[in-house]
Amino acid sequence: MKKIFNVKKRTLLLIAGIVWLMAGFNVARLGVLSYAVIEKRWYLYVLSAVVFVLFGRMFFKMSKKHTKRIIGYEEYRPFWHFFDKKAYIMMACMMGGGIGLRAAGVFPDTFVAFFYSGLGCALALAGVVFARNYLCYHNLME
């Protein structure tokens, strides 16, 4: 029986893609805005790329794990099941810590510029992976 908040498991992949793309865009936007107010140094762009690669690998593995979990569900699940409990806790800690530390002025603009731009692009890439999995859902089921 389909309940009011339930969606098809394929739709969970789309929801995850949208959530991760939005989060990535917003984090990367903060990094780009910080780049606009600091003195540009070439090594900061390299650091952004390093952060992107490190977090991109982690988020790519995580997206594969969540996709596998979602595919294992029965056909309909509540829309919030695109994450498991551990992922929600991790996201809350990352968001709360980032917002709190940035608001407290702990991070200088130089750090925010390279770290947030790399992290945001990695988050957005995970969103792209989820969106691709949504679009290629039938291939995943084979």
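In this text, all values refer to a predicted model and were calculated from it rather than measured experimentally.

Definitions and limits used
Residues numbered from 1 in each chain as written. Predicted model: local features only at pLDDT ≥ 70, side-chain atom pairs only at ≥ 80, totals over all residues. Heavy atoms only, no water. Helix = DSSP H or I, 4+ residues; strand = E, 2+ residues; numbered from the N terminus. Contact = heavy atoms within 4.5 Å. Phe/Tyr/Trp six-rings, centres within 6.5 Å; stacked < 30°, edge-to-face > 60°. Buried < 20%, exposed > 50% of the residue type's maximum accessible area, 1.4 Å probe, protein only. Expected span 1.5 Å × (residues − 1). Salt bridge = Lys/Arg side-chain N within 4 Å of Asp/Glu carboxyl O. Lys, Arg positive; Asp, Glu negative; His and termini not counted. Polar contact = N/O pair within 3.5 Å; in protein donor to acceptor, adjacent residues only side chain to side chain.

One can find Pro78 in strand β2 (residues 76-78). Separated by 66 residues in the primary sequence, Pro78 and Leu12 place their C-alpha atoms 8.7 Å from one another. Discounting chain neighbours no more than four positions away, the residues touching Pro78 are Phe5, Asn6 and Leu12.

The full count for this structure, using the stated rule, is 16 aromatic pairs. Arranged with centres 6.2 Å apart and planes meeting at 50 degrees, the rings of Phe5 and Trp80 form a pair that is tilted. On the criterion of sequence distance, the pair formed by Phe5 in the segment before β1 (6-8) and Trp80 in the loop between β2 and α3 (85-103) is long-range, its members being 75 residues apart. Aromatic side chains Phe82 and Phe83 sit 4.7 Å apart centroid to centroid with 40 degrees between the ring planes, which places their arrangement in the tilted category. Here Phe82 and Phe83 have matching classes, each one buried.

Attention now moves to helix α2 (residues 42-71). Taking 1.5 Å per residue, 30 residues should reach 44 Å; α2 reaches 43 Å between its end C-alpha atoms and fits that length. Along α2, the residues that are buried comprise Leu44, Ser48, Val51, Gly56, Phe59, Met62, Ser63, His66, Thr67, Ile70 and Ile71. For α2, the secondary structure elements touched by its buried residues are α1 (9-37), α3, α4 (109-135) and α5 (137-141).

The subject of this paragraph is the pattern of salt bridges. Under the defined criterion, the tally for this structure stands at 2 salt bridges. A salt bridge links Arg41 to Glu39; the shortest N-O distance between them is 2.8 Å. Taking the shortest distance from any N to any O, the salt bridge between Glu74 and Arg77 comes out at 3.1 Å. Accessibility expressed as a relative area gives 47% for Glu74, which makes it partly exposed. Overall, the relative accessible area of 17% leaves Arg77 in the buried class.

A few words now on the side chain of Lys9. Following the sequence through the fold, Lys9 ends up in helix α1. Buried Lys9, no salt bridge; nearest opposite-charge side chain is Glu75, N-O distance 4.7 Å. One polar contact links the side chain of Lys9 to the main-chain carbonyl oxygen of Ile71, over a distance of 2.8 Å. In this structure Lys9 touches Ile70, Ile71, Tyr73, Glu74, Glu75, Tyr137 and Met141, once residues within four positions along its chain are discounted.

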